[in-house]
Amino acid sequence: MKLIDTLHRWTGGLIGLLLALLGLSGALLVHKNAWTLAPHAGDPRVEDVRQLAETTQRIMADPAGRPQSISYASDDFGLLKLLFDNGGGAYADQRGAMVTRWSSQWERPELWLFDFHHHLFSGETGDWVIGIAALCGLFFVFTGLILWWRTRRTFEWRLWPARMSRPAIVRHHRDLGVVVAPLLLLSLVTGAVLVFRPMAALLFGPGAPAQIDKALAPPPPRDAKLGEGLDWAAMVMTAKARFPDAELRSLSLPRKDNGLIAIRMRRPQEWLPNGRTTLWFAADSGALVAARDAATLPMAVKGYNLLYPLHAAKVGGLAFRLVMTLSGLAMTLLGTLTVWTFWFRRPVNPARARQMAISA
């Protein structure tokens, strides 16, 4: 038990601040669409496929100003998001008119906050650090429950420590931690599995990671460069004709020279905000190459696709967003006070205390 206590305290002291920052940024991102300020952000989503096709054609037809991707409007955010290969971007209304542009993500708080929470501004390296932090968070939850069990009879619910002394903070940390443990588990487990896909085996069975990789892989690359004069509107119309009940979510140019233009759609039964229903078109001709219907994916893959909507509170409406906000704020409070008590309110060694008393 002493070893568990020591590991719990030292790991918290070393990584608690990172978990606190991830919790706070996550709590803010849950409500990102509500506080992102731009003209027409509150417009209702256009469902007319002809207007969407014409808008796509207008945006993508100009080679000099062609974005790398378009994210279409959703029910709670009425703008198109355009991202360019130079790191810049823009918001446009649903007829294609630009309403605001940026040359760097640092000009838009919703963008750099998202990059911090998902990548720590460090790409794949940041992903790994966040995944390890999530695993440490799971270690905190389980060891914290073990340590709390010894003192369960003294449990007292407090939102804030009674005093800013070390004993009061430790007691508050212990009791608040056990109350929010289910929420923290939901946030940490989903976050860890999203970073470390092999961990999906713990949730969906031993063969799940390989099944997920196979099911979500794009078609084989094609030796095709992006053609001139492509009929972008026809691609959108083809996608909608193939999946009439699906919502158009994004269009992306070929990545890593794979020769494929991707259109992602979201069918009604999908929780994932951008869906997994995907169509791929040849970059040189615009001809349909392959299509994936999310409704036909294996159960393990469907389960995996539920993790991000749960982690980011993209389902359940305002009630679930508030639940996940509470999870993020609790992680912020627990992590911050852990670092404070570990580095600045550490217990005084009894021998040292006696020596100080004699010297005084």
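Caption draft 1: Here's a closer look at the overall build of the protein chain. Assigned secondary structure in the protein chain consists of 13 helices and eight strands. On the principal axes, the C-alpha backbone points of the protein chain span a range of 90 × 45 × 35 Å. Evaluated residue by residue, the protein chain yields a buried proportion of 46% over its 360 residues. Total accessible area on the protein chain is roughly 18800 Å²; 62% of this is exposed by carbon and sulfur atoms. For the protein chain, the centre of its 40 positive side-chain charges and the centre of its 27 negative side-chain charges are spaced 14 Å apart.

Caption draft 2: Representation of helix H9 (residues 232-242). Listing the buried residues of H9 in full gives Trp232, Ala233, Met235, Val236 and Ala239. Along the axis of H9, the buried positions cluster into a sector of 160 degrees, meaning they face one direction only. For H9, the secondary structure elements touched by its buried residues are helix H3 (49-60), strand S5 (247-252), strand S6 (260-266) and strand S7 (277-282).

Caption draft 3: Representation of unusual backbone geometry in the model. A positive phi is found at phenylalanine 121, a non-glycine position, where the angle reads about 60 degrees. Inspection of the secondary structure puts phenylalanine 121 in the loop between helix H4 (109-119) and helix H5 (123-150). One non-glycine residue, alanine 313, lies in the positive phi region at around 55 degrees. With respect to the helices and strands, alanine 313 occurs in the loop between helix H11 (307-311) and helix H12 (317-344). Residue classification places alanine 313 among the buried residues on the basis of a relative accessible area of 4%.

Caption draft 4: Representation of the side chain of threonine 143 within the structure. With respect to the helices and strands, the residue threonine 143 is situated in helix H5. At 3.3 Å, the side chain of threonine 143 and the backbone oxygen of phenylalanine 140 are in polar contact.

Caption draft 5: Structural view of the packing of helix H6 (residues 166-195) against H12. The interhelical angle for the contact between H6 and H12, taken along N-to-C directions, is 145 degrees, at an axis separation of 9 Å. Between H6 and H12 the crossing geometry is left-handed. Residue composition of the contact of H6 with H12, grouped by class: 17 nonpolar, seven polar and one charged.

Caption draft 6: The layout of surface pockets, seen in detail. By volume, the second largest pocket amounts to about 740 Å³. Contributions of two or more residues to the lining of the second largest pocket are made by helix H1 (2-29), H5, H6 and H12. Tallying contributions element by element places H6 first for the lining of the second largest pocket, with 10 residues. Grouping the constituent residues of the lining of the second largest pocket by class yields 16 nonpolar, 11 polar and five charged.

Caption draft 7: Focus on the sheet that holds S6. Strands sit in the order S4-S3-S2-S1-S5-S6-S7-S8 across an open sheet of eight strands; the sheet is antiparallel. Of all the strands in the sheet, the pair left with one neighbour each is strand S4 (98-102) and strand S8 (288-292). Taking the axes of each pair of neighbouring strands and ignoring which way they run, one obtains an average angle of 20 degrees across the sheet. Bridging between strand S3 (residues 89-92) and S4 involves four bridges; their strand directions are antiparallel. Within S4, the position partnered with alanine 90 by the bridge is arginine 101.

Rules used throughout
- Residues numbered from 1 in each chain as written.
- Predicted model: local features only at pLDDT ≥ 70, side-chain atom pairs only at ≥ 80, totals over all residues.
- Heavy atoms only, no water.
- Helix = DSSP H or I, 4+ residues; strand = E, 2+ residues; numbered from the N terminus.
- Buried < 20%, exposed > 50% of the residue type's maximum accessible area, 1.4 Å probe, protein only.
- Areas by Shrake-Rupley, 256 points an atom, 1.4 Å probe, with all protein chains shown as cover.
- Lys, Arg positive; Asp, Glu negative; His and termini not counted.
- Charge placed at Lys NZ, Arg CZ, Asp CG, Glu CD.
- Arc of directions from axis to C-beta.
- Contact = heavy atoms within 4.5 Å.
- Polar contact = N/O pair within 3.5 Å; in protein donor to acceptor, adjacent residues only side chain to side chain.
- Axes fitted to C-alpha atoms, helices over the stretch in contact; angles between N-to-C directions.
- Left-handed = near helix turned anticlockwise from the far one by under 90°.
- Nonpolar A, V, L, I, M, F, W, Y, C, P; charged D, E, K, R; others polar.
- 1 Å grid on protein atoms, 1.4 Å probe; cavity = no way out; pocket = protein on both sides within 12 Å on 5 of 7 lines; lining within 4 Å.
- Points joined across faces, edges and corners; volume = space filled by probe spheres on them.
- Pairing = 2+ DSSP bridges.

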